[in-house]
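Each chain, letter by letter, is given below.
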Amino acid sequence: MKAIFKRELASYFNSPLGYVILAIFAFLSGLFTLLYYYSTGYSYSIADAIAPMLYFALFIIPPITMRSFTEEKRQHTDQALLTAPVNIMDIVLGKYLSALVVYLACTLFYVVYALFTAVIIPNAAIEWGVLFTCLLGIIFLGAAMLAVNIFYSSLTASQILAVVIGMGTGLFVILYDTLVYALESAINSIFSSDYSAALLPELSITGHYTNFISGVLNPADIVFFLSFVALFLFFTGRVLDRKRWA
């Protein structure tokens, strides 16, 4: 796993991909920090600048993982990788952890902004506890969606298709609460009932993410995201295992 992790991590920065992703995230996070914190005279928490990054993180993540397995297929190295005396989950974890490190590097920009603010503007109060939970939220969100997109990468040989499906999933995640509300309203309208979907709201990624942004550290939210990660890494492992024996 360590060798795969090192190789994959190096591949991000042996090409423009890693630098482009870092630059985009730095620009967007800096822009929202400027709009939501500095330009308001520090009347809002710096953590408020993290909340809107949900909408961009969901679309930045697919390009991070698009090459994970599709590149192996393009270079015809996938069979050599799958037939090597390496555990399938070691392959999956090596690729996943390298993508996660790139994503974690992106989130560090918020720490830099907070430290810069604390040093340069001493009277600008920073709620470090809320900032910590917000960072955990964006990290757990990213970890879950990275696992989903790694799974997509294992299904196709096209990087473009993997990105499109990943971004489509991101759009679905953003619209999920609205779709659930529309479904409940339609059922109640058709059957003149007072139906309320008890389970569907609990599956909302944005709902669990919002709890972190609100400064609430709930173990249930952590378990939700970690379960998401474990489930889709398991799916990826099963896909690769099937290809190994095909």
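Residues numbered from 1 in each chain as written. Predicted model: local features only at pLDDT ≥ 70, side-chain atom pairs only at ≥ 80, totals over all residues. Heavy atoms only, no water.

Notes on the overall build of the chain
Counting its secondary structure elements, the chain contains 10 helices and 0 strands. Across the chain, helices and strands are ordered from the amino to the carboxyl terminus as α-α-α-α-α-α-α-α-α-α. Looking at the chain as a whole, 45% of its 246 residues qualify as buried. Taking the intrachain contacts of the chain between residues at least 6 apart in sequence as the baseline, contacts between residues at least 24 apart amount to 79%. (Helix = DSSP H or I, 4+ residues; strand = E, 2+ residues; numbered from the N terminus. Buried < 20%, exposed > 50% of the residue type's maximum accessible area, 1.4 Å probe, protein only. Contact = heavy atoms within 4.5 Å.)

Some points on the nonpolar core
Core analysis: the largest hydrophobic core is formed by 62 residues, its most contacted members being Ile-50, Tyr-96, Leu-141 and Phe-225. Top element by residues in this core is helix α7 (residues 128-155). It accounts for 16 residues. Setting aside its immediate chain neighbours within four residues, Phe-225 contacts Phe-140, Leu-141, Ala-144, Ile-205, His-208, Tyr-209 and Phe-212. (Core = buried A, V, L, I, M, F, W, Y, C linked by side-chain atoms within 4.5 Å.)

Examining the confidence of the model for the chain
Across the chain, the average pLDDT comes to 83, with 87% of residues at or above 70. Per-element averaging of pLDDT across the chain places helix α5 (residues 78-83) at the bottom with 68 and α7 at the top with 90. (pLDDT = per-residue confidence, 0-100.)

A few points about the pattern of salt bridges
Counting across every chain of the model gives 3 salt bridges. When the shortest N-O distance is used, the salt bridge between Arg-7 and Glu-8 registers 3.0 Å. Given the relative accessible area of 42%, Arg-7 is considered partly exposed. On the basis of relative accessibility, which here comes to 9%, the residue Glu-8 falls in the buried class. Its salt-bridge partner being Lys-95, residue Glu-8 comes within 2.8 Å of it at the nearest N-O pair. (Salt bridge = Lys/Arg side-chain N within 4 Å of Asp/Glu carboxyl O.)

Side note on helix α9 (residues 205-213)
Taken residue by residue, α9 has Ile-205, Thr-206, His-208, Tyr-209, Phe-212 and Ile-213 as its buried positions. Seen end-on, α9 carries its buried residues on one side only, within an arc spanning 160°. Residue Gly-215 follows α9 closely and has a positive phi angle near 90°. (Arc of directions from axis to C-beta.)

What about the side chain of Ser-68?
As for its placement among the helices and strands, Ser-68 is situated in the loop between α3 (53-65) and α4 (70-74). At 3.0 Å, the side chain of Ser-68 forms a polar contact with the backbone oxygen of Thr-65. Filtering out sequence-adjacent residues up to four positions away, Ser-68 remains in contact with Glu-8, Tyr-12, Lys-95, Ile-150 and Ser-153. (Polar contact = N/O pair within 3.5 Å; in protein donor to acceptor, adjacent residues only side chain to side chain.)

Some words on the environment of Leu-131
If you trace the backbone, Leu-131 turns up in helix α7. For Leu-131, a relative accessible area of 4% corresponds to the buried category. As a C-alpha pair, Leu-131 and Asp-48 span 83 residues in sequence and 8.9 Å in three-dimensional space.

Remarks on the packing of aromatic side chains
Under the defined criterion, the tally for this structure stands at 15 aromatic pairs. Consider the rings of Phe-151 and Tyr-152, whose centres lie 6.1 Å apart with planes at 45°: the pair is tilted. On the accessibility criterion, Phe-151 (16% relative accessible area) is buried. For Tyr-152, a relative accessible area of 16% corresponds to the buried category. Pairwise contacts between aromatic rings join Phe-140, Phe-151, Tyr-152, Phe-212, Phe-224, Phe-225, Phe-228, Phe-232, Phe-234 and Phe-235 into one cluster. Against the face of Phe-69 rests Lys-95, its NZ or CZ located 5.2 Å from the ring centre. (Phe/Tyr/Trp six-rings, centres within 6.5 Å; stacked < 30°, edge-to-face > 60°. Lys NZ or Arg CZ within 6 Å of the ring centre and 35° of its normal.)

Some details on the side chain of Ser-153
Note that Ser-153 resides in helix α7. For Ser-153, a relative accessible area of 0% translates into the label buried. Polar side-chain contacts of Ser-153 include one of 3.5 Å to the backbone oxygen of Thr-65. Reaching out from Ser-153, the side chain makes a polar contact with the backbone nitrogen of Phe-69 at a distance of 2.9 Å. Beyond its immediate sequence surroundings of up to four residues, Ser-153 is in contact with Thr-65, Met-66, Arg-67, Ser-68, Phe-69, Thr-70, Lys-73 and Ala-162.

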